[in-house]
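Chain residues, written in single-letter form:
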Amino acid sequence: MTSATHAAAPVLELRGICKQFPGVKALNEASLRLFPGEVHTLMGQNGAGKSTLIKVLTGVYAPDRGSIVMEGRAIRPQSTQDAQSLGISTVYQEVNLCPNLSVAENIFIGRYPRRFGMVDWRAMRAQATALLERLEVRIDVSKPLAAYPLAIQQMVAISRALNISARVLILDEPTSSLDEAEVQLLFRVLSSLREQGMAILFVTHFLDQTYAISDRITVMRNGEREGEYAVAELSRLALVNKMVGAPEEAPQAGDALQEARPQGEVLLQARGLGRKGALAPMDLDIRAGEMLGLCGLLGSGRTELARLLFGADRADSGSIRIGERAHPFSTPRDAIAEGIGFCSEDRKHEGAILELSVRENVIL
Ligand SMILES: Nc1ncnc2c1ncn2[C@@H]1O[C@H](COP(=O)(O)OP(=O)(O)OP(=O)(O)O)[C@@H](O)[C@H]1O
Ligand SMILES: [Mg+2]
């Protein structure tokens, strides 16, 4: 569905939303429109304000200014439960359900089916099983949620949203920890929910996923809405330019740039570097004074390569040379001693120790 064919009225509209944190204007007159029966992707660089906008929409933060209109009525959700009861459900990257309760209980928390005043466990299990089957998930719903992988936990969270009869489903970076097959399952589910008329707001940093699933894109930059586009009308290059605020006619990467830049000496040379099940043997040169981009689909081995170079995982084939010397990378400590730094993909779990202060993290 494109902007030309969507139903006339948005199911949800945010207008002029402002939100100030101490020292940071996270949202500055931000806006967003969601139509029934669409997958809408919210894109923007780190810190653009995507999560803050979603938290305003779901009652986690009160906006300083601005309005939220749902099906023509102004709403002001005060909490996530409040937003849920209005038909707005959110599935977070870190699933916020109760790991020790059963899958069925998680779907029905707060609304257990009852019979003669007692919780009707049998009905609850049957309904939970049926809800999950709609999402192609066939599991034992009496087991604790924690017994299942994250992808299944997300499906449970989506089932819960369906059971609350959500009309708007929000997913903030739901695919970051899923493998390719799990992403495909999630996308099939989202497509079928779209067919049923649900409005789906999806936040991701993955361009391929954006183009695979969404109908429209809202680009955010510096807390503002840069623009709203039908996916078919926006090339990937144009999208990236809009996210970073580059002019439309920015020079395309490639020859001109390459020629202008003197080639530095090779600082790091990898030959046949690989690890079974993660990365097929490959060669790589990194030169002084260059910024080298690794691109590829999710699961293509980019992270795996970076981890091998840093010694976070051990290679089982190939070699690495630093300058003139062969370097047997076996631990991150060796890599750091050679002057190699690593900023992890998973900022929260690997990149920093959140219990320590900023100062302690820096000198660690
Ligand atoms: N609770 C908070 N207190 C103070 N500043 C905050 C808070 N939450 C977000 N910010 C700041 O507001 C800005 C917008 O952050 P937000 O998390 O909405 O960005 P984002 O687009 O979701 O980024 P990412 O892609 O990294 O998830 C950032 O500068 C961030 O540091
Ligand atoms: Mg975010």
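For the structure itself, consult the block above.
Keep in mind it's a predicted model, so treat the numbers as computed, not measured.

Engineer: Give me the pairing of strand β3 (residues 38–43): which residues, what numbers.
Structural biologist: Within β3, 6 of the 6 residues are buried, leaving the element largely enclosed by the surrounding structure. Of the strand pairs in this sheet, β3 and strand β10 (residues 199–203) are connected by 5 bridges, and their pairing is parallel. The residue of β10 that forms the bridge with threonine 41 is phenylalanine 202. In this structure, β3 lies alongside strand β11 (residues 216–221), joined through 4 bridges in parallel fashion. Bridging from a neighbouring strand, threonine 41 pairs with isoleucine 217 of β11.

Engineer: Give a detailed account of the site of ligand 1, specifying residues and quantitative values.
Structural biologist: Surveying the vicinity of ligand 1 reveals 15 residues, the closest of which are Gly47, Lys50, Ser51, Thr52 and His205. Taking glycine 47, its main chain carries an N or O atom lying 2.8 Å from an oxygen atom of ligand 1. Glycine 49 has a polar backbone atom sitting 2.9 Å from an oxygen atom of ligand 1. The protein chains hide 67% of the 630 Å² of surface that ligand 1 would expose on its own. Residue assignment for the shell around ligand 1 shows that the elements contributing at least two residues are β2 (24–34) and α1 (50–57). Broken down by element, the residue count for the shell around ligand 1 peaks at 3 residues, all from α1. Considering only residue class, the shell around ligand 1 consists of 5 nonpolar, 7 polar and 3 charged.

Engineer: Talk me through the sheet that holds strand β13 (residues 266–275); I want residue IDs and the actual numbers.
Structural biologist: Pairing within the open sheet is antiparallel, and its 4 strands lie in the order β14-β13-β15-β16. The two strands at the open ends of the sheet, each matched to only one other strand, are β14 (279–287) and β16 (325–326). Together, β13, β14 and β15 (317–322) form the strand contacts of helix α10 (residues 302–310), whose direction differs from that of β13 by roughly 115°.

Engineer: Would you mind going over unusual backbone geometry in detail, with residue names and values included?
Structural biologist: Located in the positive-phi region is glutamate 29, a residue other than glycine, with phi close to 55°. With respect to the secondary-structure elements, glutamate 29 resides in strand β2. The partly exposed category is assigned to glutamate 29, whose relative accessible area is 42%. Here glutamate 173, not a glycine, exhibits a phi torsion of approximately 45°, which is positive. Position of glutamate 173 among the secondary structure elements: in the loop between β9 (168–172) and α6 (180–195). Look at glutamate 173 and you get buried, because its relative accessible area is 18%.

Engineer: Which residues make up the side chain of threonine 204, and what values do they have?
Structural biologist: Structurally, the position occupied by threonine 204 is in the loop between β10 and α7 (207–213). A distance of 3.0 Å separates a polar side-chain atom of threonine 204 from the backbone nitrogen of phenylalanine 206. Looking at threonine 204, its side chain comes within polar contact range of the side chain of glutamine 209, at 3.5 Å. Discounting residues that sit within four places of it in the chain, threonine 204 has contacts with Thr41, Leu42, Met43, Thr175, Gln209 and Thr210.

Engineer: Quick rundown of the nonpolar core? Include the residues and the values.
Structural biologist: Ranked by size, the top nonpolar core spans 39 residues in total, and within it Met155, Ile158, Leu169 and Leu171 carry the most contacts. Of all the elements in the fold, those that place two or more residues in this core are α3 (103–108), α4 (121–133), α5 (150–163), β9, α6 and β10. Ranked by residues supplied to this core, first place goes to α5 with 8 residues.

What counts, and where the lines are drawn
Residues numbered from 1 in each chain as written. Chains lettered and ligands numbered in written order. Predicted model: local features only at pLDDT ≥ 70, side-chain atom pairs only at ≥ 80, totals over all residues. Heavy atoms only, no water. Buried < 20%, exposed > 50% of the residue type's maximum accessible area, 1.4 Å probe, protein only. Helix = DSSP H or I, 4+ residues; strand = E, 2+ residues; numbered from the N terminus. Pairing = 2+ DSSP bridges. Near = heavy atom within 4 Å. Polar contact = N/O pair within 3.5 Å; in protein donor to acceptor, adjacent residues only side chain to side chain. Areas by Shrake-Rupley, 256 points an atom, 1.4 Å probe, with all protein chains shown as cover. Nonpolar A, V, L, I, M, F, W, Y, C, P; charged D, E, K, R; others polar. Contact = heavy atoms within 4.5 Å. Axes fitted to C-alpha atoms, helices over the stretch in contact; angles between N-to-C directions. Core = buried A, V, L, I, M, F, W, Y, C linked by side-chain atoms within 4.5 Å.

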